[in-house]
Amino acid sequence: MLENISNILKFVQTTLIYIVYPPICPVCEEIVDERHQLCESCAKKILKLDTEKNPPAPISGVMRITKYRNGTRRLLRALKFDSNINVLAALQSILYGVISRPEIENFLANVNFATFVPLHEKRLKKRGYNQTELIFKDWLLAQNLPAENLLLRTKNTPHLYSYNPAERKEILKGAFSLIEGVDIAGKNILIVDDIFTTGATSAACAEILKSAGAAKIFMLAFASDFGEVV
């Protein structure tokens, strides 16, 4: 009897929460079936899972999960610049929604280790977290892909969005180094980052990994526009 009453109360509570706070698409805020789920329309607009035709050397391949526009730009900027941890669930929901897609499985098939584009210690202290690590780490481990910090950011570079490709490359000279004791000789490494724009940052990281003996280097970005015209 008491168990039945408890079940009824839980059902009423769940129903009331759904009515007052219905699950909505994190991009357009239309009501959906599950919390943090993309609606069908936004999924078609945002999810891409395609690769860059001309990856920057020495990177062998670049894949994006989403287009860097519509809602993904807003979600990433909220996590990155506004310290809004609440959007993390929506970002991770998008990732877990594609975890078994053949495009992902094929792209990661030959990767031995994953690493994150690092923040400089001053920026990490100010922000409190590396947003890329927050987004990707558990997702990578769920695919049995070891995710480790292999690099240090030795130069506190400015935000690069206002600089052209040549300026970015110059700014990033000497910005990264390999963590002491790391052995990646002959290994295929995946660099992950929240946003891929010109590829200057990931290429600078890849050069350090390549000089340490990495065989092939790939790059996975949560979002990129791949230079497309909006």
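See the structure above.
The sections below set out a description of the structure shown in this document. (Residues numbered from 1 in each chain as written. Predicted model: local features only at pLDDT ≥ 70, side-chain atom pairs only at ≥ 80, totals over all residues. Heavy atoms only, no water.)

1. Details of the packing of helix α3 (residues 70-81) against helix α4 (residues 88-97)
Test applied: For helices, the axis comes from a line fit to the C-alpha atoms of the stretch in contact; other axes are also lines fit to C-alpha atoms, and the angle between any two N-to-C directions lies between 0 and 180 degrees. Each helix is a run of DSSP H or I of at least 4 residues and each strand a run of E of at least 2, with the numbering of both proceeding from the N terminus. Working definition: roughly parallel below 35 degrees, roughly antiparallel above 145 degrees, roughly perpendicular at 65 to 115 degrees, and oblique for all remaining angles. The handedness criterion is simple: a crossing whose near helix is rotated anticlockwise from the far helix by less than a right angle is left-handed, and one whose near helix is rotated clockwise is right-handed. The contact rule is simple, with two residues in contact once any of their heavy atoms fall within 4.5 Å.
Here α3 crosses α4 at 130°, and the two axes come no closer than 9 Å. The angle between the axes of α3 and α4 places the two elements in the oblique class. In this structure, α3 crosses over α4, and the sense of that crossing is left-handed. Here L75, L76 and L79 of α3 come into contact with α4, specifically with L88, A90 and L91.

2. Re the sheet that holds strand β6 (residues 217-224)
Defined as follows: Strand pairing is assigned whenever DSSP identifies at least 2 bridges connecting the two strands.
Strand order in the open sheet formed by 4 strands is β1-β6-β5-β2, and the pairing between neighbours is parallel. Strand pairing shows two members of the sheet lacking a second neighbour, β1 (61-67) and β2 (113-116), which therefore form its edges. When the angles between neighbouring strand axes are averaged without regard to direction, this sheet yields 25°. Here β2 runs beside strand β5 (residues 189-196); their pairing, made up of 4 bridges, is parallel. Of the residues in β5, the one forming a bridge with T115 is I191. Sitting on the sheet, α3 is in contact with β1, β5 and β6, with an inclination near 100° to β5.

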